[in-house]
Amino acid sequence: FLKNRSAPNDNDELQRSWFVESFSEHENQLRGMIEYGSYGFESRLINRKTKKKQYDRSIDDMEEIPLFFSFWMPDDRDYGIAAFQSFRGRSCISLFMTDIMEDFRQKNQEYRIN
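Undergrad: Mind showing me how you'd approach the nonpolar core here?
TA: Note that soluble globular proteins tend to have their nonpolar side chains buried in a common cluster. The biggest cluster of nonpolar side chains holds 15 residues, and the ones touching the most others in it are L2, W18, I34, Y36, F69, C92 and F96. Every element with two or more residues in this core is listed here: β2 (16-26), β3 (29-38), β6 (65-72) and α1 (93-107). Each residue touching I34, except ones within four places of it in the same chain, is listed here: W18, F19, V20, E21, I65, P66, L67, F69, C92 and F96.

Quick look at the structure:
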């Protein structure tokens, strides 16, 4: 799943996109970073102190926010634990979770992620 998500996964309805930036495997753990952001609107970015224009944002520009994730699968157990960093209401974690849960369900009908 993670190897196949290095390209942006766009949700045009929500104007959000995410991709797996990197991950590493070590014994019973997977850890990595998800990059995500919002797109689809133009704006003028200014310095909040000087009020001077810094940049004109186009509809294809996306703010990029990194989120950490970790999966831990203990030996001789029939469960694993996943942890995801979130960034309040601006996070894309629900998009990532929907995608990973559907992919997992299709490949592992006897197990579930919840």
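Undergrad: What is the right way to read the layout of surface pockets from this model?
TA: Where empty space is left becomes clear once a probe the size of a water molecule has been rolled over the atoms. Here the largest pocket is characterised by a volume of approximately 770 Å³. Lining of the largest pocket is provided by 26 residues; of these, F71, M73, G80, F104 and I113 occupy positions nearest its centre. Going through the elements one at a time, β2, β7 (81-84) and α1 are the ones with two or more residues in the lining of the largest pocket. Considering only residue class, the lining of the largest pocket consists of 16 nonpolar, three polar and seven charged.

Undergrad: Can you help me understand the packing of aromatic side chains in this one?
TA: Each aromatic ring pair is specified by the distance between its two centres and by the angle formed by the two planes. Applying the stated criterion across every chain yields a total of six aromatic pairs. Judged by centre distance (5.8 Å) and plane angle (65°), the ring pair of F69 and F71 falls under edge-to-face. Here F69 matches F71 in class, with each residue buried. Taken together, the ring pairs connect F1, W18, F69, F71, F84 and F96 into an aromatic cluster. Sitting above the plane of the F41 ring, R57 keeps its charged end 4.0 Å from the centroid.

Undergrad: How should I be thinking about the environment of F68 in this particular structure?
TA: Here F68 is to be found in strand β6. The exposure class of F68 is partly exposed, given its relative accessible area of 36%. It is 6.1 Å that separates the C-alpha atoms of F68 and F84, two residues lying 16 residues apart in sequence. Not counting chain neighbours up to four residues away, the residues in contact with F68 comprise R31, G32, M33, A83, F84 and Q85.

Here is what the cut-offs are and how they apply
Residues numbered from 1 in each chain as written. Predicted model: local features only at pLDDT ≥ 70, side-chain atom pairs only at ≥ 80, totals over all residues. Heavy atoms only, no water. Core = buried A, V, L, I, M, F, W, Y, C linked by side-chain atoms within 4.5 Å. Buried < 20%, exposed > 50% of the residue type's maximum accessible area, 1.4 Å probe, protein only. Helix = DSSP H or I, 4+ residues; strand = E, 2+ residues; numbered from the N terminus. Contact = heavy atoms within 4.5 Å. 1 Å grid on protein atoms, 1.4 Å probe; cavity = no way out; pocket = protein on both sides within 12 Å on 5 of 7 lines; lining within 4 Å. Points joined across faces, edges and corners; volume = space filled by probe spheres on them. Nonpolar A, V, L, I, M, F, W, Y, C, P; charged D, E, K, R; others polar. Phe/Tyr/Trp six-rings, centres within 6.5 Å; stacked < 30°, edge-to-face > 60°. Lys NZ or Arg CZ within 6 Å of the ring centre and 35° of its normal.

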